[in-house]
Amino acid sequence: MALIEVSGVHVRFGDRVVLESIDLTVPEGEFHGLMGPNGAGKTTFFNVLTGRVKPSRGSIRFDGEDVTGLSSHRIAAKGVARSFQIMTLFDEFSARENVMVGLPGFRARGFDMHHAAAGDRGFAEKASEILVTVGLADKGDTRAKDLSYGDRRALEIAVALGQGPRVLCLDEPTSGLGSDGVQRLATLVGRLKGKLTIVAIEHDMEFLFSLADCISVIHWGQVVARGAPHELQQNEWVKRSNLGRFA
Ligand SMILES: Nc1ncnc2c1ncn2[C@@H]1O[C@H](COP(=O)(O)OP(=O)(O)OP(=O)(O)O)[C@@H](O)[C@H]1O
């Protein structure tokens with residue numbers, strides 16, 4: 001049984017059909033890439049997967065359970081974490097505090113940062129451990145606004161990891177990064193690969209083809225091609241679009 005099973009997902013905004021019918025399965029532990037032209041509906045699909053948009057038809061099953069139409073909060077509680085295309089950090093908080101705010105136990109007791117920082121070392125230690133995982137061990141006390149763009153991206157992933165997710169959804173993780181930043185991110189994602197299930201929307205084909213186990217191409221609101229990177233290279237649609245040139 002696949003961890004994520006999406007069947008016939010259809011989304012329209014008013015008269016505009018954005019997703020015609022999306023079918024997708026992702027086994028546990030897979031790195032699944034989503035690619036496709038601008039406006040193809042990739043982010044809308046992520047919004048459906050993470051509960052921000054309700055599909056008008058179709059179903060989403062997570063670990064065998066029908067989660068179609070559940071709120072984003074409830075889907076997150078089931079183990080689906082998301083890092084956004086637009087950064088969503090608290091600029092005035094330190095890197096460690098940003099991770100602490102995202103920890104489920106911390107949220108349960110409210111957003112009392114100063115109390116937690118002074119009174120409960122457990123949250124700070126957990127956050128520090130996660131910062132080590134993403135390569136920010138020495139940046140725990142740095143305010144988010146003073147971090148480099150690449151460090152902020154790593155911190156966003158750390159915040160998502162703080163939820164202890166089974167699935168990590170990354171929306172264009174390389175966007176805005178220079179080549180060094182992309183390389184660093186590839187190393188980080190490569191380390192996470194296999195430890196949890198990753199679904200990533202990405203325009204950087206070199207990044208995606210080097211890391212993904214399987215890639216789905218979304219176009220016209222459907223999955224028009226799907227396969228391992230070397231299989232996609234042979235796909236006629238991908239060849240015509242030149243999307244698979246790095247495979
Ligand atoms: N809430 C909404 N209301 C109306 N139209 C929307 C809404 N959200 C998205 N759209 C439209 O749906 C289409 C698909 O958008 P989406 O952001 O999902 O594409 P995408 O494949 O992620 O694009 P990109 O690669 O540029 O990020 C776009 O034309 C967008 O304008």
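Residues numbered from 1 in each chain as written. Predicted model: local features only at pLDDT ≥ 70, side-chain atom pairs only at ≥ 80, totals over all residues.

- Per an unreviewed UniProt entry, the protein chain carries the name ABC transporter ATP-binding protein and comes from Bradyrhizobium retamae.
- Looking at the protein chain in UniProt, the text filed under Function (unreviewed entry) is "Involved in beta-(1-->2)glucan export. Transmembrane domains (TMD) form a pore in the inner membrane and the ATP-binding domain (NBD) is responsible for energy generation."
- Note on the protein chain: under the UniProt heading Sequence similarities (unreviewed entry), the record states "Belongs to the ABC transporter superfamily." (UniProt positions renumbered as here; feature names shortened; annotations may be inferred.)

1. A short note on the nonpolar core
Then step 1. Formed by 67 residues in total, the largest nonpolar core has its most connected members in Val99, Leu155, Ala158 and Cys169.
Then step 2. If one sorts the elements of this core by residue count, helix H7 (residues 149-161) sits on top with 7 residues.
Then step 3. For this core, the domains that each give at least three residues are domain 1 (1-79 + 184-247) and domain 2 (85-164). (Core = buried A, V, L, I, M, F, W, Y, C linked by C-beta atoms within 7 Å. Buried ≥ 20, exposed ≤ 12 C-beta atoms within 10 Å, placed from the backbone. Helix = DSSP H or I, 4+ residues; strand = E, 2+ residues; numbered from the N terminus. Domains from an automatic or database assignment.)

2. A short note on the packing of helix H3 (residues 95-102) against helix H6 (residues 121-133)
Packed helices, taken two at a time, are described by the angle between their axes plus the distance between the axes.
Then step 1. Two numbers describe how H3 lies on H6: the axes approach to 9 Å, and their chain directions differ by 110 degrees. Regarding the angle of H3 to H6, the classification is roughly perpendicular. The way H3 lies across H6 gives a crossing that is right-handed. Residues Ala95, Arg96, Val99 and Met100 of H3 form the contact with H6, whose participating residues are Phe123, Ala124, Ala127, Ser128, Ile130 and Leu131.
Then step 2. Of the residues contributing to the contact of H3 with H6, the split by class is 8 nonpolar, 1 polar and 1 charged. (Axes fitted to C-alpha atoms, helices over the stretch in contact; angles between N-to-C directions. Parallel < 35°, antiparallel > 145°, perpendicular 65-115°, else oblique. Left-handed = near helix turned anticlockwise from the far one by under 90°. Contact = placed C-beta atoms within 7 Å. Nonpolar A, V, L, I, M, F, W, Y, C, P; charged D, E, K, R; others polar.)

3. Quick notes on the packing of H3 against H7
Then step 1. Viewed as axis vectors pointing N to C, H3 and H7 meet at an angle of 30 degrees, and their least axial separation amounts to 8 Å. What the angle tells us is that H3 and H7 run roughly parallel. In this structure, the crossing between H3 and H7 has a hand that is right-handed. Listed contacts from H7 to Ala95, Asn98, Val99 and Gly102 of H3 are Leu155, Ala158 and Val159.
Then step 2. Residue composition of the contact of H3 with H7, grouped by class: 5 nonpolar, 2 polar and no charged.

4. Description of the site of the ligand
Then step 1. Taken together, the neighbourhood of the ligand is formed by Phe13, Arg16, Val18, Gly36, Asn38, Gly39, Ala40, Gly41, Lys42, Thr43 and Thr44.
Then step 2. Elements with a contribution of two residues or more to the shell around the ligand: strand S2 (16-26) and helix H1 (42-49).
Then step 3. Sorting elements by how many residues they give to the shell around the ligand places H1 first, with 3 residues. (Near = placed C-beta within 6 Å.)

5. Some details on the pairing of strand S10 (residues 222-227)
Then step 1. Sheet topology note: the strand S9 (residues 214-219)/S10 ladder contains 5 bridges and is antiparallel. Note on S10: the bridge partner recorded for His219 is Gln222.
Then step 2. Remark: 2 residues form the turn of the hairpin made by S9 and S10, two consecutive strands paired antiparallel; Trp220 in that turn has positive phi of roughly 50 degrees. (Pairing = 2+ DSSP bridges.)

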